[in-house]
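# Observations on chain architecture
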Amino acid sequence: MTKFLRTLLHRVYLAVMSVPFKLMPSLSYVLFNGRGSTAQLCQHMARQGLKRVLIVSDKPLVELGIVARAAEALAEQQVEVVIYDGILPDPTFTMVEDGLTLARQHSCDAVLAIGGGSSIDCAKTIAAAAGNAGDGRKLVGYFKVKQPPLPLFALPTTSGTGSEATIAAVVSDPDSHEKCFIADPKLLPQAVALDAELMLGMPAPITAATGMDALTHAIETYISLWGSDASKGYSRAAVKMIFDYLPRAYRDGGDVEAREQMALAAYYAGMAINAASVGNVHAIAHQLGRHYGTPHGLANALVMPEVLRFMTPAAQRPLAELGQLIGAAHSGDSERQAAEKFVQAVADLNQRLDIPSQLDSLLEEDVATIAAAAVKEGAGYPVPVLMSRKECQAILRSLLSSPEGAAVVAQ
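My aim in this report is to walk through the structure given alongside it, one point at a time. Starting afresh in each chain, residues are numbered from 1 along the sequence in its written order. Owing to the predicted nature of the model, reporting of local features is limited to residues with pLDDT of at least 70; listing and counting of side-chain atom pairs is limited to 80 or more, with chain, interface and lining totals taken over all residues. With hydrogens and water set aside, each side-chain value is computed from the structure's full complement of heavy atoms.

### Comments concerning the sheet that holds strand β5 (residues 141-142)
Strands are labelled as partners when DSSP assigns at least two bridges between them. We count a stretch as a helix when DSSP gives it H or I for four or more residues in a row; a strand needs E for two or more, and each element gets its number in order from the N terminus. Spatially, the three strands line up as an open sheet ordered β5-β8-β7, and their pairing is mixed. Among the strands making up the open sheet, the edge pair consists of β5 and β7 (168-172). Pairing geometry for β5 and strand β8 (residues 179-183), over two bridges, is parallel. Paired with Y142 across the strands is A183, a residue of β8. Any two residues whose heavy atoms approach within 4.5 Å are treated as being in contact. Inter-axis angles, ranging from 0 to 180 degrees, are taken between N-to-C directions of lines fitted to C-alpha atoms, where helices are fitted over the stretch in contact. The strands touched by helix α6 (residues 117-130) within the sheet are β7 and β8, with β7 carrying the most contacts at an inclination of about 95 degrees.

In structure tokens form, the structure reads like this:
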């Protein structure tokens, strides 16, 4: 198939897929932000008449006492709590089933996610499955959540995925490790608390990776063919905030202002995803997660500079605008120069955050398989330009750390 025909079919597909998103009802957000917002969220939940809440989280957050803060705040409001702490990175449908079983055993009437994207995505799927035949696998795809889920609330402890603000969840098949997407407005949490105090102990490497995840969302939504004035406003705000505050949060994990601003930036970027989706960076990063277990934020950060360089000719104007926004470009620069300076600023930010430029686990013999899957996934996103397998393979080979890999890239 010629490049022209692939592009034409892609644009037709996007036009058809955009219709349900444009007809989607306005989304309602209830947001509590800043110090004390955990207690405010719990008070809000009690006012909804809830009696027994399933908290979905992970063991480290339980051991750190983070989950206890919310559990105690709910108990003060006479709301009983059941804790499911079995979440691991890249949640699977097995975890969804385990959490759902616990919710049903205790007749829980709501779900509270505490954690990063894995906990929030799993909680979304548990809540949705509870009201829809109890099988999360049947919800994979777009707009398949027919019945209302259990009331869902979120307390994010990282500033990256933005899942607390999106209508989507990603859950992996436990056997094939394939990442399955569930997207429906009913997955949006009813209320969220962005409590920076819960994020103060986040290790620097996680701060870096999750922050670059949020930046990926902000950039990909800004250059998306589905971007609207509203979504681009959120994207621009997120990009500026991340460049301003992520280095501060990385250097000093106790910088409350930086943590608050990063939490809000990740939330803004998540809101932009609802309208504009993601793109080629995610298409590749998802495959690295599937094949090697590469943490999602790190995978995005590794891939993003090379993907943006590849996309610069097709996304020159929006990338140039972002270059001007963060001060990387100047009024005398051409549009191409401004775009290239922004992409370089992204690569420089990776370096400032000590994010590696190579992926040690990546093997040359896997490149073709990963590229094929990434190209297929990328064709489903509203990207300005489609990747060919050859182009995707070149991007992947730039991440190879072996001498053999470097030789392949040089050729």
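### A closer look at the layout of surface pockets
Where empty space is left in the structure can be found by rolling a water-sized probe over the atoms. Within this model, the second largest pocket holds a volume of roughly 440 Å³. Cavities and pockets are found on a 1 Å grid laid over the protein atoms alone: a cavity is a set of points where a 1.4 Å probe fits but cannot escape, a pocket is an open set with protein on both sides within 12 Å along at least five of seven lines, and a lining residue has an atom within 4 Å of such a point. If you go around the second largest pocket, you meet 17 residues; those closest to its centre are F21, M24, S228, N274 and A275. Only α1 (3-23), α8 (229-251) and α9 (256-276) provide two or more residues apiece to the lining of the second largest pocket. For the lining of the second largest pocket, the leading source of residues is α9, giving four residues. Residues are sorted three ways: Asp, Glu, Lys and Arg are charged, Ala, Val, Leu, Ile, Met, Phe, Trp, Tyr, Cys and Pro are nonpolar, and all the rest, Gly among them, are polar. Partitioning the lining of the second largest pocket into residue classes produces 11 nonpolar, five polar and one charged. Grid points are joined across faces, edges and corners, and a volume is the space filled by probe spheres set on the points.

### Things to note about the packing of aromatic side chains
Here a Phe, Tyr or Trp ring, Trp counted by its six-membered ring, pairs with any other such ring whose centre lies within 6.5 Å, and the pair is stacked when the planes are under 30 degrees apart, edge-to-face when over 60, and tilted otherwise. Tallied over the full model, the rule gives three aromatic pairs. Relative to Y268, the ring of Y234 lies with its centre 5.7 Å away and its plane at 35 degrees, an arrangement referred to as tilted. With Y234 in helix α8 and Y268 in helix α9, this pair connects stretches of sequence that are 34 residues apart. On the basis of relative accessible area, Y234 is assigned to the partly exposed category, the value being 31%. Exposure is judged per residue with a 1.4 Å probe applied to protein chains only, and the accessible area is read against the type maximum: over 50% gives exposed, under 20% gives buried, and values in between give partly exposed. Take Y268: its relative accessible area is 23%, and that puts it in the partly exposed class. Centroid distance F243 to F342: 6.0 Å. Interplanar angle 50 degrees. Geometry classified as tilted. Here F342 lies in helix α13 (residues 335-352) and F243 lies in helix α8, a separation of 99 residues in the sequence. For F342, a relative accessible area of 0% translates into the label buried. Lysine NZ or arginine CZ positioned within 6 Å of the ring centre and within 35 degrees of the ring normal marks a charge as sitting over the ring. Sitting over the ring of Y222, K232 keeps its end group 5.6 Å from the ring centre.

### Let's talk about the pairing of β8
Side chains on a regular strand alternate between the two faces of the sheet. A large share of β8 lies buried, amounting to four of its five residues. Note that β7 and β8 share five bridges and pair antiparallel. Counted as the bridge partner of A168 is A183 from β8. The antiparallel pairing of β7 with β8 creates a hairpin that spans six residues between the two strands, and H177 there sits at a positive phi of about 65 degrees.

### A short note on the side chain of K179
Among the structural elements, K179 can be located in strand β8. Engagement of the side chain of K179 in a polar contact is seen with the side chain of D90, the distance being 2.7 Å. N or O atoms closer than or at 3.5 Å make up a polar contact, with two conditions inside protein: a donor-capable atom paired with an acceptor-capable one, and, for residues adjacent in sequence, both atoms drawn from side chains.

### Concerning the pairing of strand β9 (residues 191-194)
Along β9, one buried face is formed by A191 and A193 and the opposite face, lined by V192 and L194, is buried too. Pairing of strand β6 (residues 152-156) with β9, which is carried by two bridges, proceeds in the parallel orientation. Bridging from a neighbouring strand, A154 pairs with V192 of β9.

### A closer look at the pattern of salt bridges
Counted as salt bridges are all cases of a side-chain nitrogen of Lys or Arg within 4 Å of a carboxyl oxygen of Asp or Glu. Scanning the model with the defined rule gives 14 salt bridges in all. Put simply, D90 and K179 hold a salt bridge, and the shortest N to O gap is 2.7 Å. Of this pair, D90 sits in the loop between β3 (80-84) and α5 (93-105) while K179 sits in strand β8; the two residues are 89 residues apart in sequence, bridging distant segments of the chain. A residue is classified by how much of its surface remains accessible, and K179, at 14% relative accessible area, is buried. Here D244 ties to K240 by a salt bridge, and the two come within 2.7 Å at their closest N and O atoms. Placement of the pair is D244 and K240 together in helix α8, with a separation of four residues, close to one helical turn. Looking at D244, the relative accessible area reads 37%, which means it is partly exposed. Taken together, the shared-partner salt bridges connect R248, D255 and E257 into one network.

### Description of the sheet that holds β3
The strands making up a sheet associate through hydrogen bonds between their backbones, and the pairing can be parallel or antiparallel. Reading across the sheet, the six strands line up as β1-β9-β6-β4-β2-β3 and stay open at both edges, with parallel pairing between neighbours. The open sheet has two free edges, formed respectively by β1 (31-33) and β3, since each of these has just one partner strand. This sheet shows a mean twist of 20 degrees between the axes of neighbouring strands, independent of strand direction. Pairing of strand β2 (residues 52-56) with strand β4 (residues 110-115), which is carried by four bridges, proceeds in the parallel orientation. When the sheet's bridge partners are listed, V56 is paired in β4 with A113.

### Section: the packing of helix α14 (residues 364-378) against helix α15 (residues 389-397)
Close contact between α14 and α15 brings their axes to 9 Å; oriented N to C, the two are set at 130 degrees. Overall, the two elements α14 and α15 adopt an arrangement that is oblique. As α14 packs across α15, the resulting crossing turns out to be right-handed. Where α14 approaches α15, its residues E364, V367, A368, I370, A371, A372, A374 and V375 are matched on the opposing element by R389, C392, Q393, L396 and R397. Throughout, the term roughly parallel applies to angles under 35 degrees, roughly antiparallel to angles over 145, roughly perpendicular to angles from 65 to 115, and oblique to all others. Put simply, a crossing is left-handed when the front helix is turned counterclockwise from the back one by less than a right angle, and right-handed when it is turned clockwise.

### Notes on the nonpolar core
Ranked by size, the top nonpolar core spans 79 residues in total, and within it M212, L215, I219, I284, L288 and L319 carry the most contacts. Broken down by element, the residue count for this core peaks at 10 residues, all from α9. L288 has contacts with G293, T294, A299, V303, L359, L362, I370, L396 and L399, leaving out every residue within four places of it along the chain. Residues belong to one nonpolar core when they are buried, are Ala, Val, Leu, Ile, Met, Phe, Trp, Tyr or Cys, and are joined through side-chain atoms within 4.5 Å.

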